[in-house]
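Here are the chains, one letter per residue:
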Amino acid sequence: MTRSNLLRSPLSPRSVRRRFALVPAVAAFALLASGCASSAPASTEASGDGAEEITVLYAAIAYEPLLIAEQQGYFADAGLNVEIKRGGPPQDNLAQAVGGSADIITAAWDTMVASTAEGMAVRVVAGNSIVSDEIDTSGVVVRDDSGLKDLSDLKGATVAFDSLGAGGSSEFYAALDAAGVRADEVNTVAVPYAGMAASLENGQVDAVIPTEPFYSQLIGDDANEVIANPVRETRAGAPITLWAATDAWLEENADAAEAFVEALQKGIDFYDDPANLEEVAKIRAEVTQVPVDEVSRSLPPMRLAVDTDAAVKATDQLAKFGTVSEPLPVDEILWSAAPVL
């Protein structure tokens, strides 16, 4: 990726205490996508200039600190040559890591809980975006003229997620349960974030559950209405997106993983500085192919340190309303050197 001309500014990395725990023995890899054969993850190699090369997949949300770290030269300063590629849903990204075509990938907490429970030898390297306790960055959105006013009205409705079983589903089902609606009384379908507005407008679905920056775009349309914000209401402080890698890659490339995390922290510091808001907007515009003056300036909170208490609550919620019957303890889902609160 070509670096931009973003203005460099001196930043002070935040200090985070790291928790060290024994990493479980490597389990047999599970397949997450049809036709994806498991193989040993690619080891980090030194490039011609001495920098270690790693391949990173990012998702359609919460990519800003990663791209900032590349554009500002934080990865190069950390001795890394990072090849950045656009990924897909968390399950697909994990499949690429397991197959050896990516080293570090964007994942979701729910996907990591489910995958490690099934024996997949992957771990959380660091957090990324988190659930705000003050600002909604996702919600259940319907058309204003739909007649749907709250979650109790969704019985028999069709609701769209970015990917089924990924982040947001267990929170939604927990909120449905509280509203007196069973999970099997709602139809769920997968619609990419970028296609949710059209699907809702065309009547292909009754409700969508977008996250930023798509959430702001949808609620900015007066024809749409928010009827619930289950994620904030049930998971404040918990991780949404995070960075993950296979056990095998982390065992061979611990130094590169730590350098990656340190560079990302500088990216988050840049992201959090109000003086850089327009530069962040330019990155969003480039990724989403939306004119910069139409890009949302709402910034979801980012934090690399994982709030383990919030993660435990989220995991318990998955066990109750998700598809995970016997999740691993949170400490076993985290890499031994992952930053924690």
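Residues numbered from 1 in each chain as written. Predicted model: local features only at pLDDT ≥ 70, side-chain atom pairs only at ≥ 80, totals over all residues. Heavy atoms only, no water.

## Observations regarding the overall build of the protein
Okay, so step 1: A tally of regular secondary structure across the protein gives 13 helices and eleven strands.
Okay, so step 2: Expressed as a percentage of its 341 residues, the buried residues of the protein come to 52%.
Okay, so step 3: Once local pairs closer than 6 in sequence are excluded, the contacts in the protein between residues at least 24 apart make up 81%.
Okay, so step 4: Taken as a whole, the protein presents about 14400 Å² of accessible surface, with 48% of it coming from carbon and sulfur. (Helix = DSSP H or I, 4+ residues; strand = E, 2+ residues; numbered from the N terminus. Buried < 20%, exposed > 50% of the residue type's maximum accessible area, 1.4 Å probe, protein only. Contact = heavy atoms within 4.5 Å. Areas by Shrake-Rupley, 256 points an atom, 1.4 Å probe, with all protein chains shown as cover.)

## Quick word on the nonpolar core
Okay, so step 1: In this structure, Ile54, Leu66, Phe75, Trp109, Met112, Trp243 and Phe260 are the most contacted members of the largest nonpolar core, which totals 65 residues.
Okay, so step 2: Among the elements that take part in this core, helix H10 (residues 254-272) stands out by supplying ten residues, more than any other.
Okay, so step 3: Leaving out residues up to four positions away in the same chain, Phe75 has contacts with Leu66, Ala69, Glu70, Leu80, Val82, Phe260, Ala263 and Leu264. (Core = buried A, V, L, I, M, F, W, Y, C linked by side-chain atoms within 4.5 Å.)

## Focus on a negative patch on the surface
Okay, so step 1: Taken together, Asp144, Asp145, Glu201, Asp221 and Asp222 make up a surface patch of like negative charges.
Okay, so step 2: Looking at where Asp145 falls in the secondary structure, it is placed in the loop between strand E6 (140-143) and strand E7 (158-161).
Okay, so step 3: Taking relative accessible area as the criterion, Asp145 reaches 69% and is therefore assigned exposed. (Patch = residues over 30% accessible without salt bridge, like charges linked within 9 Å, V, L, I, M, F, W, Y side chains within 5 Å. Salt bridge = Lys/Arg side-chain N within 4 Å of Asp/Glu carboxyl O. Lys, Arg positive; Asp, Glu negative; His and termini not counted. Charge placed at Lys NZ, Arg CZ, Asp CG, Glu CD.)

## Focus on the packing of helix H5 (residues 169-178) against helix H12 (residues 308-321)
Okay, so step 1: At their nearest, the axes of H5 and H12 sit 9 Å apart, and the two run at 65° to each other. The chirality of how H5 crosses H12 is left-handed. Where H5 approaches H12, its residues Ser170, Glu171, Tyr173, Ala174 and Asp177 are matched on the opposing element by Gln317, Leu318 and Phe321.
Okay, so step 2: Residue composition of the contact of H5 with H12, by class: four nonpolar, two polar and two charged. (Axes fitted to C-alpha atoms, helices over the stretch in contact; angles between N-to-C directions. Left-handed = near helix turned anticlockwise from the far one by under 90°. Nonpolar A, V, L, I, M, F, W, Y, C, P; charged D, E, K, R; others polar.)

## Structural notes on the packing of aromatic side chains
Okay, so step 1: If you walk through the whole model with that rule in mind, you get six aromatic pairs.
Okay, so step 2: Ring centres of Tyr193 and Phe214 lie 5.5 Å apart, and the angle between their planes is 15°; on these two criteria the pair is classed as stacked. With Tyr193 in the loop between strand E8 (187-190) and helix H6 (196-201) and Phe214 in helix H7 (residues 214-219), the pair connects residues that are 21 residues apart, well separated along the chain. This pair shows no difference in class: Tyr193 is buried, exactly as Phe214 is.
Okay, so step 3: With a centroid separation of 5.6 Å and 85° between ring planes, the pair formed by Trp243 and Phe260 is classed as edge-to-face. (Phe/Tyr/Trp six-rings, centres within 6.5 Å; stacked < 30°, edge-to-face > 60°.)

## Considering the sheet that holds strand E10 (residues 224-228)
Okay, so step 1: Ordered by their spatial adjacency, five strands build an open sheet running E8-E7-E9-E6-E10, and the pairing between neighbours is mixed. Strands with a single pairing partner mark the edges of an open sheet, and in this sheet they are E8 and E10.
Okay, so step 2: The sheet contact formed by E6 and E10 spans four bridges and is antiparallel. Within the sheet, the bridge partner assigned to Arg143 lies in E10 and is Asn224.
Okay, so step 3: Across the sheet, H5 is in contact with E6, E7 and E8; its angle to E7 comes to roughly 150°. (Pairing = 2+ DSSP bridges.)

## Remarks on the side chain of Thr137
Okay, so step 1: Inspection of the secondary structure assignment puts Thr137 in the loop between strand E5 (122-127) and E6.
Okay, so step 2: Exposure remark for Thr137: the relative accessible area of 7% places this residue in the buried category.
Okay, so step 3: Filtering out sequence-adjacent residues up to four positions away, Thr137 remains in contact with Pro210, Thr211, Glu212, Tyr215, Ile240, Pro300 and Pro301.

## Thoughts on the pattern of salt bridges
Okay, so step 1: Under the counting rule described, the total for this entry stands at 13 salt bridges.
Okay, so step 2: Across the salt bridge formed by Glu185 and Lys155, the nearest N and O atoms sit 3.9 Å from each other. Here Glu185, found in the loop between H5 and E8, pairs with Lys155, found in the loop between E6 and E7; they are 30 residues apart in sequence, far enough to count as distant.
Okay, so step 3: Here the salt bridges do not stand alone but share partners, grouping Lys155, Arg182, Asp184 and Glu185 into one network.

## Observations regarding the confidence of the model for the protein
Okay, so step 1: For the protein, mean pLDDT is 84; residues scoring 70 or higher make up 84% of the total.
Okay, so step 2: Here residues 1-43 is modelled with pLDDT under 50, and outside its nearest four sequence neighbours on either side it reaches 101 contacts, counting other chains as well. (pLDDT = per-residue confidence, 0-100.)

## Concerning helix H1 (residues 64-71)
Okay, so step 1: Burial of H1 is extensive: eight of the eight residues sit out of reach of the surface.
Okay, so step 2: Considered for burial, the residues of H1 that qualify are Glu64, Pro65, Leu66, Leu67, Ile68, Ala69, Glu70 and Gln71.
Okay, so step 3: In this fold, the buried residues of H1 make contact with strand E2 (52-58), helix H2 (74-77), strand E3 (80-86), strand E11 (241-246), H10 and helix H11 (277-288).
Okay, so step 4: After H1 finishes, the residue Gly73 shows a positive phi value of roughly 80°.

## Description of the side chain of Glu64
Okay, so step 1: Along the chain, Glu64 turns up in helix H1.
Okay, so step 2: Polar side-chain contacts of Glu64 include one of 2.7 Å to the side chain of Arg284. (Polar contact = N/O pair within 3.5 Å; in protein donor to acceptor, adjacent residues only side chain to side chain.)

## Here's the deal with unusual backbone geometry
Okay, so step 1: In this chain, Glu212 is followed by Pro213 through a cis amide linkage whose omega measures 5°.
Okay, so step 2: Within the secondary structure, Pro213 is located in the loop between strand E9 (207-208) and H7.
Okay, so step 3: The residue Ala62 is not glycine, and still its phi comes out positive at about 55°.
Okay, so step 4: Residue position: Ala62 is located in the loop between E2 and H1.
Okay, so step 5: For Ala62, a relative accessible area of 9% translates into the label buried.
Okay, so step 6: Of note in this structure, Gln289 is not a glycine but carries a positive phi near 60°.
Okay, so step 7: As for its placement among the helices and strands, Gln289 is situated in the loop between H11 and H12.

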